[in-house]
Amino acid sequence: VKLANFAFTIIGEVNAPGNYPVYKEGLTIYDAIGMSAGITDYGNLKQVKIIRSRKNKKQVYHIDLTDSNVLVSDFYYLRNNDLIYIQPLKFKGLRKSQSQVLLSTLTTIAVLFNVFVK
């Protein structure tokens, strides 16, 4: 029988959002992102919110996962019932698979146009 030390919740632009029990000490925010199958193409690494309870009050903290100072901050290691929200990017470009389909379509149209003209 394993007892969970604590649990955290991760939502937003991650591949597998949800509530995760933790069975080890010292879980980092990067571990939590890995447990949720990573951040989607639309996740904003510079705008991550951690909602943490302190003395029965919820406080919202903003962190930048691209900044190396995260490693020495109070939010590198998660605490019980932390909620992590990965915000979406304001501009959502084409996904890699969508851009490949678009380029393939344009190439096909260009080839057909050249064959038709000649």
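Provided above is the structure to which this section pertains.
Residues numbered from 1 in each chain as written. Predicted model: local features only at pLDDT ≥ 70, side-chain atom pairs only at ≥ 80, totals over all residues. Heavy atoms only, no water.

This part covers the side chain of T28. As for its position among the elements, T28 is in the loop between β2 (18-22) and α1 (29-35). Judged by its relative accessible area of 6%, T28 is buried. A polar contact of 3.1 Å, which involves the side chain of T28, links it to the backbone nitrogen of D31. Among all residues touching T28, those that are not within four sequence positions of it are Y76, Y77 and L78. (Helix = DSSP H or I, 4+ residues; strand = E, 2+ residues; numbered from the N terminus. Buried < 20%, exposed > 50% of the residue type's maximum accessible area, 1.4 Å probe, protein only. Polar contact = N/O pair within 3.5 Å; in protein donor to acceptor, adjacent residues only side chain to side chain. Contact = heavy atoms within 4.5 Å.)

In terms of nonpolar packing, the biggest core is built from 21 residues, with F8, I29, L78 and I84 touching the most fellow members. When contributions to this core are tallied by element, the ones reaching two or more residues are β1 (6-12), β2, α1, β3 (43-54), β4 (57-63) and β5 (83-88). If we ignore the near neighbours within four places in the chain, the residues touching F8 are G18, N19, Y20, V22, L27, A32, M35, L78, D82 and I84. (Core = buried A, V, L, I, M, F, W, Y, C linked by side-chain atoms within 4.5 Å.)

Further remarks concern the pairing of β2. In terms of strand pairing, β1 meets β2 through five bridges, oriented antiparallel. Within the sheet, the bridge partner assigned to F8 lies in β2 and is Y20. Hairpin connection of β1 to β2: five residues between the antiparallel strands. (Pairing = 2+ DSSP bridges.)

In total, this model carries five salt bridges according to the counting rule given. Notably, a salt bridge pairs D31 with K24, separated by 3.6 Å at the nearest N-O pair. Residue classification places K24 among the partly exposed positions, given a relative accessible area of 44%. The partner of D74 in a salt bridge is R79, and the shortest N-O contact between them spans 2.9 Å. Overall, the relative accessible area of 36% leaves D74 in the partly exposed class. When salt bridges with common partners are traced through the structure, they connect R52, R54, D74, R79 and D82 into a single cluster. (Salt bridge = Lys/Arg side-chain N within 4 Å of Asp/Glu carboxyl O.)

A word on the packing of aromatic side chains. Per the counting criterion, the structure on display carries four aromatic pairs. Here the aromatic rings of F8 and Y20 are separated by 5.5 Å at their centres, their planes lie at 20°, and the arrangement is stacked. One end of the pair, F8, is in strand β1; the other, Y20, is in strand β2, with twelve residues separating them in the sequence. Considered together, F8 and Y20 belong to a single accessibility category, that of buried residues. (Phe/Tyr/Trp six-rings, centres within 6.5 Å; stacked < 30°, edge-to-face > 60°.)

A positive phi angle is found at K55, which is not glycine, with a value near 55°. Note that K55 resides in the loop between β3 and β4. Phi is positive for N81, close to 65°, though the residue is something other than glycine. Note that N81 resides in the loop between β4 and β5.

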